Amino acid sequence: KNQVEQSPQSLIILEGKNCTLQCNYTVSPFSNLRWYKQDTGRGPVSLTIMTFSENTKSNGRYTATLDADTKQSSLHITASQLSDSASYICVVSLDNAGNMLTFGGGTRLMVKP
Amino acid sequence: NAGVTQTPKFRILKIGQSMTLQCAQDMNHNYMYWYRQDPGMGLKLIYYSVGAGITDKGEVPNGYNVSRSTTEDFPLRLELAAPSQTSVYFCASSLRRGDGQTGGYIQYFGAGTRLSVL
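This section reports on the structure supplied with the text. (Residues numbered from 1 in each chain as written. Chains lettered and ligands numbered in written order. Predicted model: local features only at pLDDT ≥ 70, side-chain atom pairs only at ≥ 80, totals over all residues. Heavy atoms only, no water.)

## Overview of the environment of A:Thr51
Residue and element names in this part refer to chain A.
- Turning to its location among the elements, Thr51 is positioned in strand 5 (residues 45-51).
- You can call Thr51 buried: its relative accessible area is 17%.
- Residues Thr51 and Ser31, 20 residues apart in the sequence, show an inter-C-alpha distance of 5.9 Å. (Helix = DSSP H or I, 4+ residues; strand = E, 2+ residues; numbered from the N terminus. Buried < 20%, exposed > 50% of the residue type's maximum accessible area, 1.4 Å probe, protein only.)

Structure, rendered in structure tokens:
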């Protein structure tokens, strides 16, 4: 069964610190891997999309990495801000169009002042 | 530019009642999706549509129906609501240009409808 597992489930860091969120997947083959940010009470917002041939992609202070050999991805957040408090969701897509997405359960990040 | 708009934001239903969750997008996107998100779980696809008049089942379609009569609207119908349908429902849309674009299509999500069936 295709699965996407994220760790940790929750994380608390101090404002200004860096953190790394992990994603392990068994979906294979896959077309692309996505990271979303979901604020409480809101819909997910796309941060990055990487194809299976890409190793890294950045979006401001967010940098996603992908190791297709080990089936692992990570999302690194640099110089965290209070507004980074949210759930971060790893999503693996079987197809390019995004009609076959497998979502992870998310990592809930809290940034404290 | 409103993006993807979902109504209502909250709803409480009694077992056996029916309702329609509304979703509208103003980005002229051809692809639209309905997902449900249960606490601590990943989103699961209910139905999707690749264009007006075309719909297809996702991973968890039982108990739901959809229609896509226009590009803008993609309502989700719940018939005979059950407690298992208590969830947060998200509508999303994306644009497939048909020009061989690779790299994935960004999905834009609405703010969600929180539904409780009691």
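## Side note on the interface of chain B and chain A
- Each partner contributes residues to the interface: chain B has 24 residues there, and chain A has 20 residues.
- For the pairing of chain B and chain A, the buried interface totals around 1600 Å² over both sides, and the portion due to carbon and sulfur atoms is 53%.
- On the surface where chain B and chain A come into contact, there are zero salt bridges.
- Linking chain B with chain A are two residue pairs in polar contact (both at pLDDT 80 or more).
- Among the elements of the structure, strand 4 (31-37), strand 5 (44-51) and strand 9 (87-94) of chain B are those that each provide at least two residues to the side of chain B that touches chain A.
- With four residues, the single largest contributor to the side of chain B that touches chain A is strand 4 of chain B. (Contact = heavy atoms within 4.5 Å. Buried area = accessible area lost by both parts, 1.4 Å probe. Salt bridge = Lys/Arg side-chain N within 4 Å of Asp/Glu carboxyl O. Polar contact = N/O pair within 3.5 Å; in protein donor to acceptor, adjacent residues only side chain to side chain.)

## Observations regarding the pattern of salt bridges
All names here are of chain B.
- A complete count under the given rule lists five salt bridges over all chains for this structure.
- Of the charged contacts in the structure, one is a salt bridge between Asp38 and Arg36, with a shortest N-O distance of 2.9 Å.
- Note on Arg36: relative accessible area 12%, which makes it buried.
- For Glu59, the salt bridge is made with Lys44, and the minimal N-O distance between the two is 3.7 Å. In this pair, Glu59 sits in the loop between strand 6 (54-57) and strand 7 (64-66) while Lys44 sits in strand 5, placing the two residues 15 residues apart along the sequence.

## Section: the side chain of A:Ser87
- Relative to the elements of secondary structure, A:Ser87 occurs in strand 9 (residues 86-93).
- For A:Ser87, the contacting residues outside a window of four places in its chain are A:Tyr36, A:Lys37, A:Gln38, A:Thr107 and A:Arg108.

## Observations regarding the packing of aromatic side chains
- Evaluation of the coordinates by the stated rule reveals ten aromatic pairs over all chains.
- Considering the side-chain rings of B:Tyr35 and B:Phe109, the 5.6 Å spacing of their centres and the 35° angle between planes classify their relative orientation as tilted. Residue B:Tyr35 is found in strand 4, and its partner B:Phe109 is found in strand 10 (residues 108-109); the two are separated by 74 residues along the sequence. Summarising the burial analysis for this pair, B:Tyr35 and B:Phe109 share the class buried.
- By way of ring pairs, the aromatic residues A:Tyr36, A:Phe103, B:Tyr31, B:Tyr33, B:Tyr35, B:Tyr48, B:Phe90 and B:Phe109 are connected into one cluster.
- When the ring centre of A:Tyr62 is taken as origin, the NZ or CZ atom of A:Arg61, which lies over that ring, is 5.7 Å away.
- For the cation-ring pair, B:Arg68 lies above B:Phe74, with the distance from its terminal atom to the ring centre recorded as 5.9 Å. (Phe/Tyr/Trp six-rings, centres within 6.5 Å; stacked < 30°, edge-to-face > 60°. Lys NZ or Arg CZ within 6 Å of the ring centre and 35° of its normal.)

## Quick look at the layout of surface pockets
- Of the voids in this model, the second largest pocket is the one considered here, and its volume is about 350 Å³.
- Around the second largest pocket, the lining comprises 21 residues; the ones closest to its centre are A:Arg42, A:Val45, B:Phe109, B:Gly110 and B:Ala111.
- Breaking the lining of the second largest pocket down by element, the ones donating at least two residues are strand 4 (32-38) and strand 5 of chain A together with strand 1 (4-7) and strand 10 of chain B.
- In terms of residues, the lining of the second largest pocket owes the most to one element, strand 1 of chain B, which gives three residues.
- Within the lining of the second largest pocket, the residues separate by chemical class into nine nonpolar, eight polar and four charged. (1 Å grid on protein atoms, 1.4 Å probe; cavity = no way out; pocket = protein on both sides within 12 Å on 5 of 7 lines; lining within 4 Å. Points joined across faces, edges and corners; volume = space filled by probe spheres on them. Nonpolar A, V, L, I, M, F, W, Y, C, P; charged D, E, K, R; others polar.)

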